[in-house]
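Structural overview
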Amino acid sequence: YEIPYLTTWSEAMTLGAIPPNVLTTTKQISDFCDEIWFRAGDRSSDLSWFTKRMALAGIFVNAEIFMLTDTSPQYEATWTLLEQRVHQSLAASAALETAGEIAASVGGGLLSIPGILRSPRPTTPESLAELQQKYGIM
């Protein structure tokens, strides 16, 4: 299994990283990642649209750099790395989603505290004296 242009791939990456070419390289990687997500069925239009593409771009560049030094048969080590990074990214995404749900629950609980602390009846001198006596407060 041969990867076309592998012998000049590092040179191409270097050219893509020089300042005059960074915007074009970034756009190409962005379009590539967008196409992958689109074909995977992603139609999100919220913040996750950006985070998914950024995560995939990081995975792609990581695998691309790793591939340059991969000497395993048919680039098995690169494919393994790619699979691991995708699984790690999905696990991190699930963890963040769970953390967001927990934060929303905690936030909802915190917002209910004023209602819990609110006195169920108006505080009068008599009711205050009653509470002081009940709890031994002077």
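So, here is what we can say about the structure in this document.

Thresholds applied
Residues numbered from 1 in each chain as written. Predicted model: local features only at pLDDT ≥ 70, side-chain atom pairs only at ≥ 80, totals over all residues. Heavy atoms only, no water. Helix = DSSP H or I, 4+ residues; strand = E, 2+ residues; numbered from the N terminus. Buried < 20%, exposed > 50% of the residue type's maximum accessible area, 1.4 Å probe, protein only. Contact = heavy atoms within 4.5 Å. Salt bridge = Lys/Arg side-chain N within 4 Å of Asp/Glu carboxyl O. Polar contact = N/O pair within 3.5 Å; in protein donor to acceptor, adjacent residues only side chain to side chain. Phe/Tyr/Trp six-rings, centres within 6.5 Å; stacked < 30°, edge-to-face > 60°. Expected span 1.5 Å × (residues − 1). Patch = residues over 30% accessible without salt bridge, like charges linked within 9 Å, V, L, I, M, F, W, Y side chains within 5 Å. Areas by Shrake-Rupley, 256 points an atom, 1.4 Å probe, with all protein chains shown as cover. 1 Å grid on protein atoms, 1.4 Å probe; cavity = no way out; pocket = protein on both sides within 12 Å on 5 of 7 lines; lining within 4 Å. Points joined across faces, edges and corners; volume = space filled by probe spheres on them.

Further remarks concern the overall build of the protein chain. Within the protein chain, the secondary structure is distributed over 5 helices and 0 strands. Taken from the N to the C terminus, the helices and strands of the protein chain come in the order α-α-α-α-α. Taking all 138 residues of the protein chain together, 14% fall into the buried category.

The next thing to look at is the side chain of Ser44. If you trace the backbone, Ser44 turns up in the loop between helix H2 (22-39) and helix H3 (47-68). Not counting residues up to four positions away in its chain, the partners in contact with Ser44 are Trp49, Lys52 and Arg53.

Our next topic: the pattern of salt bridges. Applying the stated criterion to the full structure yields 5 salt bridges. Asp42 is the partner of Arg53 in a salt bridge, and the nearest nitrogen-oxygen pair spans 2.9 Å. Note that Arg53 is positioned in helix H3 and Asp42 in the loop between H2 and H3, a separation of 11 residues in sequence. According to the relative accessible area criterion, Arg53 is buried, its value standing at 7%. The class for Asp42 is buried, based on a relative accessible area of 9%.

Among the polar contacts made by the side chain of Asp42, one reaches the side chain of Lys52 at a distance of 2.7 Å. Once residues lying within four places of it in the same chain are set aside, the contact partners of Asp42 are Trp37, Trp49, Lys52 and Arg53.

Enumeration over the complete set of coordinates arrives at 2 aromatic pairs. With 4.9 Å between their ring centres and 55° between their planes, Phe32 and Phe60 make a pair best called tilted. Placement of Phe32 in helix H2 and of Phe60 in helix H3 is noted, with a sequence separation of 28 residues between them. By relative accessible area, which is 39% here, Phe32 ends up partly exposed.

With 22 residues, H3 should cover 32 Å at 1.5 Å per step; its first-to-last C-alpha distance of 33 Å lies within 8% of that length. Those residues of H3 lying buried are Arg53, Leu56, Ala57, Ile59, Ala63, Glu64 and Met67.

Quick look at a nonpolar patch on the surface now. A surface patch of nonpolar side chains, about 380 Å² in accessible area, is lined by Leu47, Phe50 and Met54. Relative to the assigned elements, Met54 resides in helix H3.

This next bit is on the layout of surface pockets. Here the largest pocket is characterised by a volume of approximately 870 Å³. If you trace the largest pocket, you find 31 residues lining it, with Ala55, Leu56, Ile59, Phe60 and Val86 closest to the centre. When contributions to the lining of the largest pocket are tallied by element, the ones reaching two or more residues are H2, H3 and helix H4 (76-117). At 11 residues, the largest contribution of residues to the lining of the largest pocket is made by H3.

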